[in-house]
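# Examining the three-dimensional arrangement
Listed here are the chains, written in short residue letters.
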Amino acid sequence: MGYRVAVVGATGNVGREMFNILEEVKFPVDKMHAIASRKSIGVEVSYGSEIIRCEDLEQFDFSTVDIVLMSAGGAISKAWGEKIGAAGPIVIDNSSHFRMDPDVPLVVPEVNPDAVNKLPKNIIANPNCSTAQLVVVLAPLHAEAKIKRVVVSTYQSVSGAGKEGMDELWEQTKGVFVLGAPPPKKFTKQIAFNVIPHIDVFMEDGYTKEEWKMMAETKKILDPAIKLTATAVRVPVMVGHAESVNIEFETPLDEDDVREILRDADGVEVIDKREDGGYMTPKESAGEFPVYVSRIRTDPTVENGIALWCVADNLRKGAALNAVQIAQLLHDKGLIKQKTPA
């Protein structure tokens, strides 16, 4: 018997991808609900061959479902997350709201699967998209030779900013060749044919909140002793985040050992040939499940240093896929309590 599942934020990029992946991995679903804001009531979304009409978040009875996947933004998660969890279902939340809550585990199944064993609020947080792909790569290396410090520069696609970000890149790109690019609305500067070193709000120390998320979330998921600094950059790519990563270990780790460790790691694929095109880019990662690692090499500027490049589909491993993998993990552990049919 399958589960009764609700997807909150069903009409957004990540919500729609959740439906796709739930069907793709054949997650056991008995009844699927699409939940959205009042303005989206009746909007149709696809789940495999089934067409589902969106139901109103404020009117839906969450006590009738077993598991809820939320991707409707931090404000909705703040207002509804704990209410839904208290009604009975386990909530897997994709927003940033619960990530640093000490009573809410922050989970990447390949890295810290046992964190789901205790759920005081019946809520599990999904990490930030850039963090998720990073820790999948760092975790097996950290287990082999403890990581001291990480320096990350991200190249994040506009889909990370939602449909509005994708639309803005598309309209500006077309406009450049006709009447000139329309002025930015979603982003602070023109994104077409440009890169913007600014994602989320600025903090007092000069870092942006996106950069802070990577630092704080990596510590919570992997090891609070790891020192990490990040520069997050928005680039004119529709789907797929890339990261340039420099890692300093406490003990030596040869670049060939790094390749072998990552080849054996869950959720990682190594594509690393030192020739033209012998590496992965965001374009090739779109629509795929793994985090791809390329350009593995020794960093001679620090003792025990390695540099590498990783890419992943941010709507998949960075969001929807990780949420579904958490649901699969809960299923495998027998932690989802099914409601008795009415």
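Rules used throughout
- Residues numbered from 1 in each chain as written.
- Predicted model: local features only at pLDDT ≥ 70, side-chain atom pairs only at ≥ 80, totals over all residues.
- Heavy atoms only, no water.
- Phe/Tyr/Trp six-rings, centres within 6.5 Å; stacked < 30°, edge-to-face > 60°.
- Helix = DSSP H or I, 4+ residues; strand = E, 2+ residues; numbered from the N terminus.
- Buried < 20%, exposed > 50% of the residue type's maximum accessible area, 1.4 Å probe, protein only.
- Bend = angle between axes of the 7 residues up to and from the residue.
- UniProt positions renumbered as here; feature names shortened; annotations may be inferred.
- Contact = heavy atoms within 4.5 Å.
- Pairing = 2+ DSSP bridges.
- Axes fitted to C-alpha atoms, helices over the stretch in contact; angles between N-to-C directions.
- Parallel < 35°, antiparallel > 145°, perpendicular 65-115°, else oblique.
- Left-handed = near helix turned anticlockwise from the far one by under 90°.
- Nonpolar A, V, L, I, M, F, W, Y, C, P; charged D, E, K, R; others polar.
- Disulfide = S-S within 2.5 Å.

One pass over the structure, following the stated rule, counts five aromatic pairs. Each ring, one from Tyr155 and one from Trp309, has its centre 5.5 Å from the other, and the planes form 55°; the classification is tilted. Remark: Trp309 occurs in strand S14 (residues 305-312) and Tyr155 occurs in strand S9 (residues 147-156); sequence separation between them is 154 residues. Classification of Trp309 as partly exposed rests on a relative accessible area of 21%.

Every α-helix winds through 3.6 residues per turn, so residues three or four apart in the chain are directed the same way. Approximately 30° is the largest bend angle found in helix H3 (residues 129-144), and it occurs at Leu138, with the proline Pro140 only one to four residues beyond. Summarising burial for H3: 13 of the 16 residues are buried, a large majority.

The positions that UniProt labels "binding site: phosphate" (unreviewed entry) are, in the present scheme, Arg99. Considering the arrangement of structural elements, one finds Arg99 in the loop between strand S7 (90-93) and strand S8 (123-125). Not counting residues within four places of it along the chain, the set of residues in contact with Arg99 comprises Asn94, Val104, Leu106, Ala125, Asn126, Pro127, Asn128, Lys213, Glu217 and Lys220.

Take the sheet that holds S14 next. The six strands lie next to each other as S10-S9-S11-S14-S13-S12, forming an open sheet whose pairing is mixed. At either margin of the open sheet sits one strand with a lone partner, and together these are strand S10 (227-234) and strand S12 (268-270). Pairs of neighbouring strands in the sheet enclose a mean axial angle of 20°, with direction left out of account. Alignment of S9 against S10, held across eight bridges, turns out to be parallel. Bridge pairing links Tyr155 to Val233 in S10.

This part covers the UniProt feature "domain: Semialdehyde dehydrogenase NAD-binding" (unreviewed entry) in the chain. As recorded in UniProt, the feature "domain: Semialdehyde dehydrogenase NAD-binding" (unreviewed entry) lies at residues 4-119. Spanning residues 4-119, this segment combines 22% helix with 27% strand, and its end C-alpha atoms are found 19 Å apart.

A few words on the packing of helix H1 (residues 13-24) against helix H8 (residues 316-332). Following both chains from N to C, one finds H1 and H8 inclined at 50°, their axes separated by 9 Å at the closest point. In terms of axis orientation, H1 runs oblique to H8. The handedness of the crossing between H1 and H8 is right-handed. Each of Val14, Glu17, Met18, Ile21, Leu22 and Glu24 in H1 lies in contact with H8, whose residues at this interface are Arg316, Ala319, Ala320, Leu321, Ala323 and Val324. Of the residues belonging to the contact of H1 with H8, the class tally is nine nonpolar, no polar and three charged.

A few words now on the sheet that holds strand S1 (residues 3-8). Strand order in this open sheet of six strands is S5-S2-S1-S6-S7-S8, and the pairing throughout is parallel. The two strands at the open ends of the sheet, each matched to only one other strand, are strand S5 (55-56) and S8. The pairing of strand S2 (residues 29-36) with S5 spans two bridges and is classified as parallel. Within the sheet, the bridge partner assigned to Ile35 lies in S5 and is Glu55. Running at roughly 155° to S1, H1 makes contact with S1, S2 and strand S6 (67-70) of the sheet. Taken strand by strand, H8 contacts S1, S6, S7 and S8, and its axis lies near 155° from that of S7.

Further remarks concern the state of the cysteines. Counting across every chain of the model gives zero disulfides. This cysteine, Cys310, is not joined by any disulfide, and Cys129 carries the nearest cysteine sulfur, 12 Å off.

Another aspect to go through is the side chain of Ser77. Inspection of the secondary structure assignment puts Ser77 in helix H2 (residues 74-87). Among the residues examined, Ser77 registers a relative accessible area of 0% and is labelled buried.

Another point: the pairing of strand S11 (residues 241-249). Among the nine residues that make up S11, seven are buried, leaving the element largely enclosed by the rest of the structure. In the sheet, S9 pairs with S11 via eight bridges, with the strands oriented antiparallel. Bridge pairing in S11 places Ile147 opposite Phe249.

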